[in-house]
Amino acid sequence: MIVVFLSPPGGGKGTQAPRLARQIGAEHLSTGVIFRSMYEANDPLGIKAHDEYWGKGQLCPDGITIPLVEKKLAELEGAVLDGFPRNIAQAEALDRMVKVDAVVSLSITEQTALERLGYRAECKACNITYGLANKPLNKGECNSCHGQLNMRNDDADAAIIRQRFEQYETKTKLLLEYYRKNGNLHEIDGNQDPERVYVDILRALRLDA
Ligand code: AMP
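Residues numbered from 1 in each chain as written. Predicted model: local features only at pLDDT ≥ 70, side-chain atom pairs only at ≥ 80, totals over all residues. Heavy atoms only, no water.

(A) Representation of the nonpolar core within the structure. Core analysis: the biggest nonpolar cluster contains 23 residues, and V4, L6, L73, L81, L94, V103 and Y179 have the highest contact counts within it. Of all the elements in the fold, those that place two or more residues in this core are β1 (2–6), α2 (31–40), α4 (62–74), β3 (79–82), α5 (88–97) and α8 (174–182). Here this core takes four residues from α8, the largest share from any one element. For L94, the contacting residues outside a window of four places in its chain are V4, L73, L81, F84, P85, V100 and Y179. (Core = buried A, V, L, I, M, F, W, Y, C linked by side-chain atoms within 4.5 Å. Buried < 20%, exposed > 50% of the residue type's maximum accessible area, 1.4 Å probe, protein only. Helix = DSSP H or I, 4+ residues; strand = E, 2+ residues; numbered from the N terminus. Contact = heavy atoms within 4.5 Å.)

Below, the structure is given as structure tokens:
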């Protein structure tokens, strides 16, 4: 089964997509995670993608992104895609690679998203992630090891966050119409509590029985 998640930054796809993937026994495939780990591993393409694109809140070029996804998908039976496609050219490329079974769009107000992004952090030592629903007891400090929490560098700057929203509004949002026409779009209110959002996703995909 191939499921696509769409949402603006902070919309919850990074929380909901891995959970759904575990439940349906598919791989969670996040292009954002791929780009960040390439960068952290000092991969030259990962450094270029960071310095010229995602580190500035811009989408990475299709010529880099599409082949990365194509290679990963070729190794997988089923996948929950988180962050791909993000524009029409990517959606068309994906349709040439696989049959998309369902698309979940999480909508969210910019205000809620900004609030969530402000709390998004992780402890690299303990592998614990924090957010609005599970804030650290002391801001910036891991509850478990008391080490300093890491924020994504594209979450830590208001101008970059604004760019990412702009990219969503002008490029990714067009995909709602693209998938609505295909008849496999499920629109979910992402402003709700994450547990409630997950229940709505399962119901929309008829996996709640
Ligand atoms: P995310 O973790 O999904 O928020 O992605 C982080 C950043 O990686 C985005 O702001 C983009 O700059 C880049 N990125 C992730 N997925 C894509 C994609 N499908 N196309 C282009 N850029 C992407």
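Once you've had a look at it, read on.
(B) Focus on the packing of aromatic side chains. What the rule picks out here adds up to two aromatic pairs. Geometrically, the ring pair formed by Y39 and W54 is edge-to-face, given 5.8 Å between the ring centres and 90° between the ring planes. Taken together, the residues span a long stretch of sequence, with Y39 in helix α2 and W54 in the loop between α3 (44–52) and α4 at a distance of 15 residues. A relative accessible area of 28% means that Y39 is categorised as partly exposed. When its relative accessible area of 11% is taken as the criterion, W54 is described as buried. Sitting over the ring of Y119, K139 keeps its end group 5.0 Å from the ring centre. (Phe/Tyr/Trp six-rings, centres within 6.5 Å; stacked < 30°, edge-to-face > 60°. Lys NZ or Arg CZ within 6 Å of the ring centre and 35° of its normal.)

(C) Representation of the pairing of strand β4 (residues 102–107) in the model. Taking burial as the measure, the six residues of β4 include five buried ones, the bulk of the element. Looking at chain direction, β4 and strand β7 (residues 185–189) are connected through five bridges and run parallel. Counterpart to S107 in the pairing with β7 is D189. (Pairing = 2+ DSSP bridges.)

(D) Region of the structure containing unusual backbone geometry. Here F84 and P85 are connected by a cis peptide whose omega angle stands at 5°. Mapped onto the fold, P85 is located in the loop between β3 and α5. The backbone phi angle of N42 is positive, close to 60°, even though this residue is not glycine. Its place among the elements puts N42 in the loop between α2 and α3. Positive phi, normally seen in glycine, also occurs at H146, with a value near 65°. Relative to the elements of secondary structure, H146 occurs in the loop between β6 (128–130) and α7 (158–172).

(E) Region of interest: the sheet that holds β1. Strands sit in the order β2-β3-β1-β4-β7 across an open sheet of five strands; the sheet is parallel. Single-partner strands in this sheet number two, and they are β2 (27–30) and β7. Recorded for the sheet is a direction-independent mean angle of 20° between the axes of neighbouring strands. Sheet topology places β2 next to β3; four bridges connect them, and they run parallel. Along β3, the bridge assignment pairs S30 with D82. (Axes fitted to C-alpha atoms, helices over the stretch in contact; angles between N-to-C directions.)

(F) Up close: the pattern of salt bridges. All told, the structure shown has 16 salt bridges when counted by the stated rule. When the shortest N-O distance is used, the salt bridge between R196 and D200 registers 2.9 Å. Note that R196 and D200 are positioned in helix α9 (residues 194–204) at a spacing of four residues, about one turn of the helix. What makes R196 partly exposed here is its relative accessible area of 37%. Bridged by salt links that share partners, the residues R120, R152, D154, D155 and R164 form one connected network. (Salt bridge = Lys/Arg side-chain N within 4 Å of Asp/Glu carboxyl O.)

(G) Structural view of the site of the ligand. By nearness alone, 17 residues border the ligand, and T31, R36, Q58, G83 and R86 come closest of all. Side-chain polar atom of R36 to an oxygen atom of the ligand: 2.9 Å apart, as the coordinates give it. Measuring from a nitrogen atom of the ligand, one finds a backbone N or O atom of G83 at 2.8 Å. Take the shell around the ligand: its biggest share by element is four residues, from α2. Split into classes, the residues belonging to the shell around the ligand amount to five nonpolar, six polar and six charged. (Near = heavy atom within 4 Å. Polar contact = N/O pair within 3.5 Å; in protein donor to acceptor, adjacent residues only side chain to side chain. Nonpolar A, V, L, I, M, F, W, Y, C, P; charged D, E, K, R; others polar.)

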